[in-house]
Amino acid sequence: MNTQVVIIPVTLIIVLQRLGYQVMSGGVQCHSECYNGRVTMSVNITWPFTRLCGLQEPASVFFSLLNLLAHVVNVRRFRLSVPPSAPLYWLWCTHAVVCINAWIWSVVFHARDTPTTEKLDYFCAFSMVLFSLIALIVRMLGRRYGYLRQLVCMGGITFFIFHVWYLTKARFDYGYNMKVNVCVGIINGCGWVAWCIPRIHTRSYVRWCGYTVLAAMVTMLLEVMDFPPLLWTLDAHALWHLSTAPLPFMWYRFLESDCLYLLQQSSRPDYKKHI
Ligand SMILES: [Zn+2]
């Protein structure tokens, strides 16, 4: 009975919205061809959204703001609990700046979708994933191989510049952008899981890293889904942004504990064996 009470109105809303969509736009369009569309994993439909105070996608704006606030709150807590002398302190502060910047552009893009704001949203979102992969390699290397760490950072920056140049020199290549994001995202996720597994039994805080990566992978399901926005507002992409907002709370918990662990270990003569 209760299930029916929920399912029937939702189904009606979806059907009405589909009808409304067909009346308004008269057909199905490919996202990569749409000015106001969004590229997802497959050929999708561009759904109409209800504007609120001039915002094109108010739900995505609000949920992007939640992600932005989550990083601001957590990096503040990180800076209060971890001394700047701790290993990787500045790496994770830079990571926070990269993430905050990306979420600012996500807010801007969903508020006003133009070719420029769309590109900035894509590039900054990619900068978060790429930075996380570089940070993983830096974390794995520890204090060893300083030249290799610098080489990895330079390689990452060079690749990011190439990526932006390639996507801005001509027509935006949505297929290439998606492939690069998926590849870097999978390597990043698998890399962090592989780093967690041998350490999780000896350092309990490492589980927060594992939880964050697994939760991020699960939330990606929403990004590959597509359905008409409920109440002309809540589409799969907006819900994806909502689902990622709690992740920084787990992630920074891991970062804080890891930096304090490294700080504690750094005074030991056999430090290199315990990173
Ligand atoms: Zn978005």
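Computed from a predicted structure; not experimentally measured.

### What to know about the environment of Val82
Working step 1: Tracing the backbone through its elements, the reader meets Val82 in the loop between helix H2 (58–81) and helix H3 (89–111).
Working step 2: When the C-alpha positions of Val82 and Leu263 are compared, they lie 9.2 Å apart, and in sequence the two are 181 residues distant.
Working step 3: Excluding its chain neighbours within four sequence positions, the residues that come into contact with Val82 are Tyr89, Glu256, Cys259 and Leu260.

### Re the environment of Met220
Working step 1: Relative to the helices and strands, Met220 resides in helix H7 (residues 206–224).
Working step 2: Along the sequence, Met220 and Ser243 sit 23 residues apart, while their C-alpha atoms lie 9.2 Å from each other.

### Points about the packing of helix H4 (residues 115–141) against helix H6 (residues 174–196)
Working step 1: One can describe the packing of H4 onto H6 by two numbers: an axis separation of 10 Å at closest approach and a directional angle of 30 degrees. Considering their axes alone, H4 and H6 lie roughly parallel with respect to each other. In this structure, H4 meets H6 at a crossing whose hand is left-handed. Seen from H4, the contacting residues are Tyr122, Phe126, Val129, Leu130, Ser132, Leu133, Leu136 and Met140; seen from H6, they are Asn177, Asn181, Val184, Gly185, Ile187, Asn188, Gly191, Trp192 and Trp195.
Working step 2: Here the contact of H4 with H6 is built from residues that sort into 11 nonpolar, six polar and no charged.

### Considerations on unusual backbone geometry
Working step 1: For Leu88, which is not glycine, the phi torsion reads 70 degrees and is therefore positive.
Working step 2: For Leu88, the position within the fold is in the loop between H2 and H3.

Analysis parameters
Residues numbered from 1 in each chain as written. Predicted model: local features only at pLDDT ≥ 70, side-chain atom pairs only at ≥ 80, totals over all residues. Helix = DSSP H or I, 4+ residues; strand = E, 2+ residues; numbered from the N terminus. Contact = placed C-beta atoms within 7 Å. Axes fitted to C-alpha atoms, helices over the stretch in contact; angles between N-to-C directions. Parallel < 35°, antiparallel > 145°, perpendicular 65-115°, else oblique. Left-handed = near helix turned anticlockwise from the far one by under 90°. Nonpolar A, V, L, I, M, F, W, Y, C, P; charged D, E, K, R; others polar.

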